[in-house]
Amino acid sequence: MQSEKTKCKRCLLREAFPEDYEKYVAGLLLKIPENAKTPNAQYHERLDVCSACDQLQNGTCMGCGCLVELRAAYRKEKCPFQKWA
Ligand code: SF4
């Protein structure tokens, strides 16, 4: 039987596991300096691309192992497969 953590495909962590998102991601997002943050509209565009990507599983990019909600929040970060910059 599949565990709960393997059922969700193409889900952001906040959608699949809101409690984990709050525990592990939300606080880290608040600590990103304003000058390092991705502008809000661009952040959501990035996450829209991740949400449609085959590499996304439970909020994790299977291509690089990052939590996409964190990676996308840093202005200078890039998708490891050049799907967004
Ligand atoms: S970071 Fe790139 S490869 Fe990874 S899930 Fe997002 S779009 Fe896909």
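In this text the structure is predicted, and so the values were computed from the model without any measurement. Numbers given for residues are sequential positions, taken from 1 along each chain in its written order. Given that the model is predicted, a residue must reach a pLDDT of at least 70 before its local features are reported, and side-chain atom pairs must reach 80 or more before they are shown or counted; all residues, however, enter totals for whole chains, interfaces and linings. With hydrogens and water set aside, each side-chain value is computed from the structure's full complement of heavy atoms.

A. Representation of the overall build of the protein. Runs of E in the DSSP output that reach at least two residues are strands. Runs of H or I that reach at least four are helices, and both are numbered from the N terminus. A tally of helices and strands in the protein yields 5 helices and 2 strands. Listed by position from the N terminus, the elements making up the protein come as α-α-α-α-β-β-α. In terms of overall dimensions, the protein is globule-like: its C-alpha atoms have a radius of gyration of 13 Å, near the 12 Å expected for 85 residues. Based on the C-alpha atoms only, the size of the protein along its principal axes is roughly 45 × 30 × 20 Å. Burial statistics for the protein: of 85 residues in total, 36% are counted as buried. Any two residues whose heavy atoms approach within 4.5 Å at even a single point are treated as in contact. Taking the intrachain contacts of the protein between residues at least 6 apart in sequence as the baseline, contacts between residues at least 24 apart amount to 64%. In short, Shrake-Rupley with a 1.4 Å probe defines the accessible areas, and a residue's cover is counted only from the protein chains shown. Surface accessibility of the protein: about 5600 Å² in total, with carbon and sulfur atoms responsible for 54%. Each radius of gyration is computed over the set of C-alpha atoms, and the globule rule expresses the reference value as 2.2 Å times the number of residues to the power 0.38. A simple rule labels every residue: compare its accessible area, found with a 1.4 Å probe on the protein chains alone, to the largest value its type can have, and call it buried under 20%, exposed over 50%, or partly exposed in between.

B. Geometry of the environment of Arg75. Topologically, Arg75 is positioned in the segment after helix H5 (68-71). Given a relative accessible area of 41%, Arg75 falls into the partly exposed group. When near neighbours in sequence (up to four residues on either side) are disregarded, Arg75 contacts Glu34, Asn35, Ala36, Lys37, Thr38, Pro39 and Arg46.

C. Focus on the site of the ligand. What makes a residue near a molecule or strand is one non-hydrogen atom of that residue sitting within 4 Å of it. As a matter of local geometry, the ligand sits amid Val49, Cys50, Cys53, Gln55, Cys61, Cys79, Pro80, Phe81, Lys83 and Trp84. Residues are sorted three ways: Asp, Glu, Lys and Arg are charged, Ala, Val, Leu, Ile, Met, Phe, Trp, Tyr, Cys and Pro are nonpolar, and all the rest, Gly among them, are polar. Its residues placed into classes, the shell around the ligand shows 8 nonpolar, 1 polar and 1 charged.

D. The arrangement of the nonpolar core in detail. In terms of nonpolar packing, the biggest core is built from 20 residues, with Tyr21, Val25, Leu29, Tyr43, Leu47 and Val68 touching the most fellow members. Elements supplying a minimum of two residues to this core: helix H3 (18-30), helix H4 (40-51) and H5. Here, nonpolar core means buried Ala, Val, Leu, Ile, Met, Phe, Trp, Tyr and Cys residues that are tied together by side-chain atoms lying within 4.5 Å of each other.

E. Representation of unusual backbone geometry. Positive phi is not limited to glycine here, since Asn58 has a value of about 55°. Counting through the fold element by element, Asn58 comes out in the loop between strand S1 (56-57) and strand S2 (60-61). Under the relative-accessibility criterion, Asn58 is labelled buried at 11%. For Gln82, which is not glycine, the phi torsion reads 55° and is therefore positive. Mapped onto the elements, Gln82 comes out in the segment after H5.

F. Here's a closer look at the confidence of the model for the protein. Every residue gets a pLDDT, meaning the predictor's confidence in that residue, from 0 to 100. Looking at the protein as a whole, the pLDDT averages 91, with 92% of positions reaching at least 70. Mean pLDDT across the secondary structure elements of the protein bottoms out at helix H1 (residues 4-7), with 56, and peaks at H4, with 97.

G. Highlighting H3. Working definition for bend: take the seven residues up to and ending at a residue and the seven starting at it, fit an axis to each, and measure the angle between the axes. A bend of about 35° at Tyr24 is the largest found in H3. Every buried residue belonging to H3 is among Asp20, Tyr21, Val25, Ala26 and Leu29, and all of these are buried.

H. Representation of the side chain of Thr38 within the structure. Relative to the helices and strands, Thr38 resides in the loop between H3 and H4. For Thr38, the side chain forms a polar contact with the main-chain oxygen of Ala72, separated by 2.7 Å. For Thr38, the contacting residues outside a window of four places in its chain are Tyr43, Arg46, Ala72, Ala73, Tyr74 and Arg75. The definition of a polar contact used here is a pair of N or O atoms within 3.5 Å, where within protein one atom must be able to donate a hydrogen and the other to accept one, and adjacent residues in sequence count solely through side-chain atom pairs.

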